[in-house]
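Structural overview
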Amino acid sequence: MNLRNIIRHMLFEGLAEERALDRFANDILIYVSECLLKNNEYGIYKRENDDYYRIYSNVFVIKPNTLVHFENYSDSVKNFIIKSGIRIFFTTETQESGTKGYYIAPNNIFLVYQIDDFKDIWQMLNGKYISFGDHVLTKVENLDIYSKLFYKFQSTILHELKHAYDYYVSKGNLTNSKRWRKHVEILKNLPQDVTKRTFTDMNRKTTSYLKLPHEISARFSQALGKITFDKYDDTWTDRNKKDFKDVFKDFKIKFENWNVLTDQMKRILIKRLYKYWDEFEVKNDN
Ligand SMILES: [Zn+2]
């Protein structure tokens, strides 16, 4: 398969699937915050004399009945969840610094956290949290914990979920592309001794990685999760559809490493974005 076909295949899902995956990422975090709030099997742990906050247990097994909006997802995302049995691991270990998450096929998603990432949640659960305006939270609610988790992990979960979903949809063929074989060649030609790698070596490796079809597909979902196709009108009563040029401007900013992509890749993604925008209909409740 050539690059164009693979990207097309991976982006085949459509807007409904993209929105379902985004919702799925949120619902995972709602589940995690419920578990933390119950504070029996799961919790945040800190020793007396250090400032290191750990989550225990660090594995969350995701099933349909753990997801509040499961019934609203598209059928293909529902089937993916039922068949894949996604597991979310929180970890402090990474192979490369700066990594926020990674995916190990077929169903393992790793979220990397820093030693103080759970500090505010620990404070909430232990009655020590002071929010803006010096107002102490009297009763911690699910939403308080969820909003902290959302800010730190939602976009990364969505990225890794897209890998798992593409793996599922392509029946494990994520790496069956010319780009992937080229990437493997580049990796082989790097000095084996990591300390001997130059800036140019590292740059080549990163650039080639960022151009892999499944990486593009995951960053596409992330960018889509961060933009909207509509906005409130001047009176704040109704929502209106945005112009495509404004949507595209946001999209380019939110798409990580957009400039690394070739013109051909950019064209494919813009076409897809345009199709989603075109399909989109504003829903006003009143
Ligand atoms: Zn990735």
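So, here is what we can say about the structure in this document. (Residues numbered from 1 in each chain as written. Predicted model: local features only at pLDDT ≥ 70, side-chain atom pairs only at ≥ 80, totals over all residues.)

To continue, consider the overall build of the chain. A tally of regular secondary structure across the chain gives 10 helices and 10 strands. Against the compact-globule benchmark of 19 Å for 286 residues, the chain has a radius of gyration of 21 Å, which places it among compact chains. Counting only C-alpha atoms, the chain reaches 60 × 55 × 40 Å along its principal axes. With 286 residues in all, the chain has 29% of them scored as buried. Counting only contacts in the chain whose residues sit at least 6 apart along the sequence, the fraction spanning at least 24 positions is 69%. (Helix = DSSP H or I, 4+ residues; strand = E, 2+ residues; numbered from the N terminus. Rg over C-alpha atoms; globule rule 2.2 N^0.38 Å. Buried ≥ 20, exposed ≤ 12 C-beta atoms within 10 Å, placed from the backbone. Contact = placed C-beta atoms within 7 Å.)

When strand 4 (residues 87–91) meets strand 6 (residues 108–112), the two strands line up parallel, connected through 5 bridges. Pairing of F90 across the sheet is with L111, part of strand 6. Connecting the antiparallel pair strand 5 (residues 101–104) and strand 6 is a turn made up of 3 residues. (Pairing = 2+ DSSP bridges.)

A few words now on the packing of helix 2 (residues 15–38) against helix 5 (residues 142–169). Between helix 2 and helix 5, the least distance of the axes is 7 Å, while the angle of their chain directions is 135°. In terms of their interaxial angle, helix 2 and helix 5 are classed as oblique. Considering how the two elements wind past one another, helix 2 and helix 5 form a crossing that is right-handed. Split into classes, the residues belonging to the contact of helix 2 with helix 5 amount to 18 nonpolar, 4 polar and 3 charged. (Axes fitted to C-alpha atoms, helices over the stretch in contact; angles between N-to-C directions. Parallel < 35°, antiparallel > 145°, perpendicular 65-115°, else oblique. Left-handed = near helix turned anticlockwise from the far one by under 90°. Nonpolar A, V, L, I, M, F, W, Y, C, P; charged D, E, K, R; others polar.)

Another point: the sheet that holds strand 5. Strand order in this open sheet of 4 strands is 3-4-6-5, and the pairing throughout is mixed. Every interior strand has two partners, whereas the edge strands, strand 3 (59–61) and strand 5, have only one. On average, adjacent strands in this sheet sit at an angle of 20° to one another, irrespective of strand direction. Two elements, strand 5 and strand 6, share 4 bridges in a ladder whose sense is antiparallel. Following the sheet pairing, I104 is matched in strand 6 by N108.

For helix 8 (residues 213–226), spanning 14 residues, the distance from its first C-alpha to its last is 20 Å, which sits close to the expected 20 Å at 1.5 Å a residue. In terms of residue burial, helix 8 counts as a mostly covered element, since 13 of its 14 residues are buried. (Expected span 1.5 Å × (residues − 1).)

In this section: the nonpolar core. The biggest cluster of nonpolar side chains holds 41 residues, and the ones touching the most others in it are L21, F24, I28, I109, I157, L161 and A164. Contributions of two or more residues to this core are made by helix 2, strand 2 (53–56), helix 3 (75–84), strand 4, strand 6, helix 4 (119–125) and helix 5. With 11 residues, the single largest contributor to this core is helix 5. Beyond its immediate chain neighbours, meaning those up to four positions away, F24 contacts L67, Y73, V77 and L161. Formed by 10 residues, the second largest nonpolar core is a distinct cluster that contains F220, L224, F229 and F251. (Core = buried A, V, L, I, M, F, W, Y, C linked by C-beta atoms within 7 Å.)

Okay, the environment of F110 next. Within the secondary structure, F110 sits in strand 6. The class for F110 is buried, based on 20 C-beta atoms found within 10 Å. With 149 residues separating them in the primary sequence, F110 and N259 have C-alpha atoms 27 Å apart.

The subject of this paragraph is helix 3. Within an α-helix, residues lying three or four positions from one another point in the same direction, as the helix has 3.6 residues per turn. Residues V77, F80 and I81 constitute the buried set of helix 3. The arc that holds the buried residues of helix 3, viewed along the axis, is 95°, so those residues lie on one side. Exposed residues lying more than 90 degrees from the buried face of helix 3 are D75, N79, I82 and K83. On the buried face of helix 3, the contacting elements are helix 2 and helix 5. Immediately downstream of helix 3, the backbone of G85 shows phi near 55°, a positive value. (Arc of directions from axis to C-beta.)

So, on to unusual backbone geometry. In this structure, the amide linkage connecting Y56 to the following residue, S57, adopts the cis form with an omega of -20°. With an omega dihedral of 0°, the bond running from A105 to P106 counts as a cis peptide bond. Counting through the fold element by element, P106 comes out in the loop between strand 5 and strand 6. Here N39, not a glycine, exhibits a phi torsion of approximately 60°, which is positive.

Here the focus is the packing of helix 5 against helix 8. Put simply, helix 5 and helix 8 touch, their axes get as near as 8 Å, and they point 135° apart. By the angle between their directions, the pair helix 5 and helix 8 is classed as oblique. In the crossing of helix 5 with helix 8, the sense of the turn from one axis to the other is right-handed. Contact with helix 5, carried on its side by S155, L158, H159, K162, H163 and D166, involves H214, S217, A218, R219, S221, Q222 and G225 of helix 8 and no other residues of that element. Of the residues belonging to the contact of helix 5 with helix 8, the class tally is 2 nonpolar, 8 polar and 3 charged.

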